[in-house]
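Fold and geometry: a report
The primary structure of each chain is shown beneath.
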Amino acid sequence: MDLRSVASLYESAENLGAPVASVHLDTTHDDRLSATHVEHRWRALREGLAEHGCDEETLAVLDKAVGGVPDLPGPQGESVFAAGGRLLGAHTLAAPPPRDHAALLPIPDALALVVDLDHQLPHVVVAVDEHGADVDAFPVSAEQPDTRRTFHGTTLHLAGLLADGPVTGVTRRRREGDWASVADQVAQDVLAAVHEVRARMVAVTGDPHVLESLRARLSPALSAPGDVPPDLVLVSGGRPSGGDPAALAELRRSVDAALHDATTARHRAALERFRGDLARHRAAEGVTDTATAFARGRATTLLLAADREHDPRLHASATDPRALATQAAALDGDPTAFAGQAGPLLLRSAVAAGAKFSEILRPHQVPDGTGALLR
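First things first, this report covers the structure right here in the doc. (Residues numbered from 1 in each chain as written. Predicted model: local features only at pLDDT ≥ 70, side-chain atom pairs only at ≥ 80, totals over all residues. Heavy atoms only, no water.)

Each helix and strand counted, the protein chain has nine helices and 18 strands in total. At 22 Å, the protein chain has a C-alpha radius of gyration in line with the 21 Å of a compact globule built from 375 residues. For the protein chain, buried positions account for 51% of its 375 residues. Pairs at least 24 apart in sequence give 71% of the contacts found in the protein chain among residues at least 6 apart. Accessible area for the protein chain stands at about 17,300 Å²; split by element, carbon and sulfur atoms hold 50% of it. Separation of charge centres in the protein chain, based on 36 positive and 51 negative side chains, amounts to 5 Å. (Helix = DSSP H or I, 4+ residues; strand = E, 2+ residues; numbered from the N terminus. Rg over C-alpha atoms; globule rule 2.2 N^0.38 Å. Buried < 20%, exposed > 50% of the residue type's maximum accessible area, 1.4 Å probe, protein only. Contact = heavy atoms within 4.5 Å. Areas by Shrake-Rupley, 256 points an atom, 1.4 Å probe, with all protein chains shown as cover. Lys, Arg positive; Asp, Glu negative; His and termini not counted. Charge placed at Lys NZ, Arg CZ, Asp CG, Glu CD.)

Spelled out as structure tokens, the structure:
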């Protein structure tokens with residue numbers, strides 16, 4: 001994935017010049033006690049932040065932002081960032097992070113957010129029946145302006161259920177009428193939606209006979225010379241009627257599965273390329289060699305495993321993203337030097353370098369779950 005999408009988070013933190021509290025939390029709401037469970041988990045993280053010196057103004061900002069989206073059924077997580085008494089960003093994730101985690105560092109710890117984004121593809125969902133069609137276009141992320149909250153990937157599928165207003169960036173098209181009279185218009189709607197978000201996947205569901213008719217209209221256009229065409233994938237769920245939450249949740253699960261298959265294939269291809277480049281001495285593996293590659297400006301892509309509970313530590317400069325070292329002495333004389341888990345520090349270096357990112361899936365069999373492609 002392109003890390004430019006999170007660069008503004010680092011820029012905002014740098015402009016404030018205050019320690020950044022980063023919170024990653026499982027905010028799944030699947031029963032009537034979910035909100036209580038989320039609150040208890042947040043309280044535990046809050047206590048840890050306070051013990052590490054987080055100021056009360058920043059904690060109060062987090063109190064207001066943390067909690068997820070109760071109206072959004074199914075799995076979800078959240079990454080929230082605040083510093084100097086200001087909210088830097090609140091992001092609803094399509095899946096819970098590997099573990100609840102909070103950090104107070106001179107820089108954001110954005111790894112859980114980036115991993116979630118790395119599992120998303122811009123896509124279009126088409127639900128059809130004999131009475132018409134719904135065509136929804138989803139970018140990788142979109143904002144809900146009233147709450148300054150960003151939604152990622154498949155959490156956007158339930159945008160219509162959100163109580164606090166529309167989610168910007170999500171385009172919805174609806175055609176009503178017998179299929180024979182609207183078929184060509186629906187096909188044009190799908191092609192327009194694909195172009196709008198530069199979709200990498202079109203998920204279609206609904207009446208089998210109608211779907212076959214739609215596929216016949218779409219396939220020639222999607223296969224035309226030019227950009228790489230999106231994959232056309234059949235999913236279950238049908239066309240939800242009246243915004244039925246259960247039907248929407250079922251459709252979300254099936255689209256989730258299709259996205260998972262597509263992104264898993266992409267991650268495996270990235271790992272195969274890494275292994276090939278490693279054999280040709282055009283890649284680095286392990287925290288030490290990867291840190292050295294970024295410090296020397298040689299890395300073009302960062303590869304990290306998502307679960308970094310036993311992550312080695314690195315030393316870094318708060319003002320120079322390229323200054324990374326395994327020993328504190330290497331940064332002797334830098335008054336902004338600090339230590340932290342390798343993952344977030346390497347990610348910050350990758351963002352500053354304009355590098356790309358790919359998750360290393362389990363079982364990763366890469367030292368420290370860390371690697372880089374080199375220029």
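Next comes the rest of the description.
When you line up the elements, Ser-358 lands in strand E17 (residues 356-359). Classification of Ser-358 by relative accessible area gives buried; the value is 7%.

A separate point is the sheet that holds strand E15 (residues 324-325). Spatially, the three strands line up as an open sheet ordered E15-E14-E16, and their pairing is antiparallel. At either end of the open sheet lies a strand with only one pairing partner, and these are E15 and strand E16 (337-341). Looking at chain direction, strand E14 (residues 313-317) and E15 are connected through two bridges and run antiparallel. Bridge assignment links Ala-316 to a residue of E15, and that residue is Leu-324. (Pairing = 2+ DSSP bridges.)

As for its position among the elements, Arg-175 is in strand E9 (residues 171-176). In this structure Arg-175 comes out as partly exposed when scored by relative accessible area, which is 29%. A sequence separation of 40 residues divides Arg-175 from Val-135, and the C-alpha atoms of the two residues are 8.5 Å apart. Aside from chain neighbours lying at most four places away, what touches Arg-175 is His-131, Gly-132, Ala-133, Val-182, Gln-185, Val-186, Asp-189 and Arg-239.

This part takes up the sheet that holds strand E3 (residues 86-93). The strands that make up a sheet pair up through hydrogen bonds in the backbone, lying either parallel or antiparallel. The mixed open sheet is built from six strands, whose spatial order is E4-E1-E2-E3-E8-E7. Strands with a single pairing partner mark the edges of an open sheet, and in this sheet they are strand E4 (101-105) and strand E7 (141-144). The mean inter-strand angle of the sheet, taken between neighbouring strand axes irrespective of direction, is 15°. Strand direction decides the pairing type here: E3 and strand E8 (residues 149-152), joined by three bridges, are parallel. Residue pairing in the sheet places His-91 in a bridge with Thr-150 of E8. Across the sheet, helix H2 (residues 34-51) lies against strand E1 (20-26) and E4, angled at about 155° from E1, the strand it touches most. Sheet strands touched by helix H3 (residues 56-65): E1, strand E2 (77-83), E3 and E8. Its angle to E2, the strand with the most contacts, is close to 155°. (Axes fitted to C-alpha atoms, helices over the stretch in contact; angles between N-to-C directions.)

Another aspect to go through is the nonpolar core. Within the largest apolar cluster, 44 residues are counted, with the highest numbers of intra-cluster contacts made by Phe-294, Leu-346, Leu-347 and Phe-357. The dominant element in this core, judged by the number of residues it contributes, is helix H9 (residues 342-353), at six residues. If sequence neighbours within four positions are ignored, Leu-347 has contacts with Leu-3, Tyr-10, Ala-110, Leu-111, Val-114, Leu-302 and Phe-357. Counting 23 residues, the second-largest nonpolar core is a separate cluster that includes Val-128, Trp-179, Val-182 and Leu-214. (Core = buried A, V, L, I, M, F, W, Y, C linked by side-chain atoms within 4.5 Å.)

Turning our eyes to something else, we now look at the pattern of salt bridges. The tally for this structure, following the rule as stated, stands at 21 salt bridges. The residue Arg-174 makes a salt bridge to Asp-134 at a minimum N-O spacing of 2.7 Å. Taken together, the positions of Arg-174 in strand E9 and Asp-134 in strand E6 (residues 132-138) put the pair 40 residues apart, joining distant regions of the chain. Looking at Arg-174, the relative accessible area reads 60%, which means it is exposed. (Salt bridge = Lys/Arg side-chain N within 4 Å of Asp/Glu carboxyl O.)

The complete set of buried residues in helix H1 (residues 7-16) reads Ala-7, Leu-9, Tyr-10 and Ala-13. Along the axis of H1, the buried positions cluster into a sector of 160°, meaning they face one direction only. Looking at the packing, one finds that the buried side of H1 touches E1, E2, E3 and H9. (Arc of directions from axis to C-beta.)

At a minimum axis distance of 11 Å, the contact between H2 and H3 shows a crossing angle of 165°. With respect to H3, the axis of H2 lies roughly antiparallel. Crossing hand, H2 versus H3: right-handed. Between H2 and H3, the contacting residues are Trp-42, Arg-43, Arg-46, Leu-49 and Ala-50 on the first element and Glu-56, Leu-59, Ala-60, Leu-62 and Asp-63 on the second. (Parallel < 35°, antiparallel > 145°, perpendicular 65-115°, else oblique. Left-handed = near helix turned anticlockwise from the far one by under 90°.)

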